[in-house]
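Chain and residue survey
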Amino acid sequence: TGAGFMRVTMSELKEHNTVDDAWSAFNGMVYNITAYLPFHPGGEDELMRVAGRDGTKLFMLTHSWVNLDYMLKECMVGVLVRG
Ligand code: HEM
């Protein structure tokens, strides 16, 4: 194991697409967004659009000024890898 990030493949990411178990990737990092869903100012439904997916494009289109890494650092799962 060691001190590296957990590696998450795209197919693994896709499996986490429900409200109770929602992962999303932003800028190459994977986050568990479940705990944040009720707090999202844009609403749960908007955020659930990127559950199980790479949300980078939608995030950048809606609010590129939001500091996601800082807000969700406790929710980081690992790094997105090919596969
Ligand atoms: C608003 C965080 C993902 C859609 C906001 C705001 C924050 C935030 C802090 C308030 C921004 C402001 O007022 O300046 C986040 C975080 C995300 C995320 C941490 C990732 C985990 C998304 C995604 C979408 C989205 C993927 C679209 C599919 C929106 C919309 C608003 C908003 C539409 C505006 C709500 C309004 O002002 O009425 N989000 N967001 N967000 N977000 Fe997100």
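Reading guide: rules and limits
- Residues numbered from 1 in each chain as written.
- Predicted model: local features only at pLDDT ≥ 70, side-chain atom pairs only at ≥ 80, totals over all residues.
- Heavy atoms only, no water.
- Near = heavy atom within 4 Å.
- Polar contact = N/O pair within 3.5 Å; in protein donor to acceptor, adjacent residues only side chain to side chain.
- Helix = DSSP H or I, 4+ residues; strand = E, 2+ residues; numbered from the N terminus.
- Nonpolar A, V, L, I, M, F, W, Y, C, P; charged D, E, K, R; others polar.
- Donors = N, O, S within 2.8 Å, 3.2 Å for Na, K, Ca; no water.
- Tetrahedral: all angles 85-135°; square planar, octahedral: opposite > 155°, others 65-115°.
- Buried < 20%, exposed > 50% of the residue type's maximum accessible area, 1.4 Å probe, protein only.
- Contact = heavy atoms within 4.5 Å.
- Pairing = 2+ DSSP bridges.
- Salt bridge = Lys/Arg side-chain N within 4 Å of Asp/Glu carboxyl O.
- Arc of directions from axis to C-beta.

1. Thoughts on the site of the ligand
By nearness alone, 18 residues border the ligand, and Tyr 36, His 40, Glu 46, His 63 and Trp 65 come closest of all. Contact distances for the ligand include 2.8 Å between a nitrogen atom and a side-chain N or O atom of His 40. Mapped onto the shell around the ligand, the elements with two or more residues apiece are helix 2 (44-48) and helix 3 (56-63). Among the elements that make up the shell around the ligand, the one with the highest residue count is helix 3 (four residues). Counted by class, the shell around the ligand contains 12 nonpolar, four polar and two charged residues.

2. Remarks on the coordination of the iron atom of the ligand
Bound to the iron atom of the ligand are the protein donor atoms His 40 (NE2) and His 63 (NE2), situated 1.9 to 2.0 Å from the metal. Considering all six donor atoms around the iron atom of the ligand, angles at the metal cover 87 to 179° and the coordination shape is octahedral. Here His 63 lies in helix 3 and His 40 lies in the loop between strand 4 (29-32) and helix 2, a separation of 23 residues in the sequence. An identical accessibility class is assigned to His 40 and His 63; each is buried.

3. Regarding the environment of Cys 75
By the secondary structure assignment, Cys 75 is in the loop between helix 4 (68-71) and strand 5 (76-81). Taking C-alpha positions, Cys 75 is 6.8 Å from Ile 33, a pair spaced 42 residues apart along the chain. Once residues within four sequence positions are removed from consideration, Cys 75 is found in contact with Val 30, Tyr 31 and Asn 32.

4. Some details on the pairing of strand 4
Regular strands place their side chains on alternate faces of the sheet. Where strand 3 (residues 21-26) lies against strand 4, four bridges are found, and the strand directions are antiparallel. Bridging from a neighbouring strand, Trp 23 pairs with Asn 32 of strand 4. Counting the residues in the hairpin turn of strand 3 and strand 4 gives two residues, including Asn 27, whose phi is positive at 50°. With three bridges connecting them, strand 4 and strand 5 associate as antiparallel partners.

5. So, the pattern of salt bridges
A full pass over the atoms with the stated rule returns one salt bridge. Put simply, Arg 49 and Glu 46 hold a salt bridge, and the shortest N to O gap is 3.3 Å. Given the relative accessible area of 42%, Arg 49 is considered partly exposed. A relative accessible area of 41% means that Glu 46 is categorised as partly exposed.

6. Description of helix 3
Along helix 3, the positions that sit buried rather than exposed are Thr 56, Phe 59 and His 63. Looking straight down helix 3, one finds that the buried residues subtend no more than 75° of arc, so they occupy a single side. In this structure, helix 3 carries Lys 57 and Leu 61 as exposed residues pointing more than 90 degrees from its buried face. Close packing links the buried residues of helix 3 with strand 3 and helix 4.

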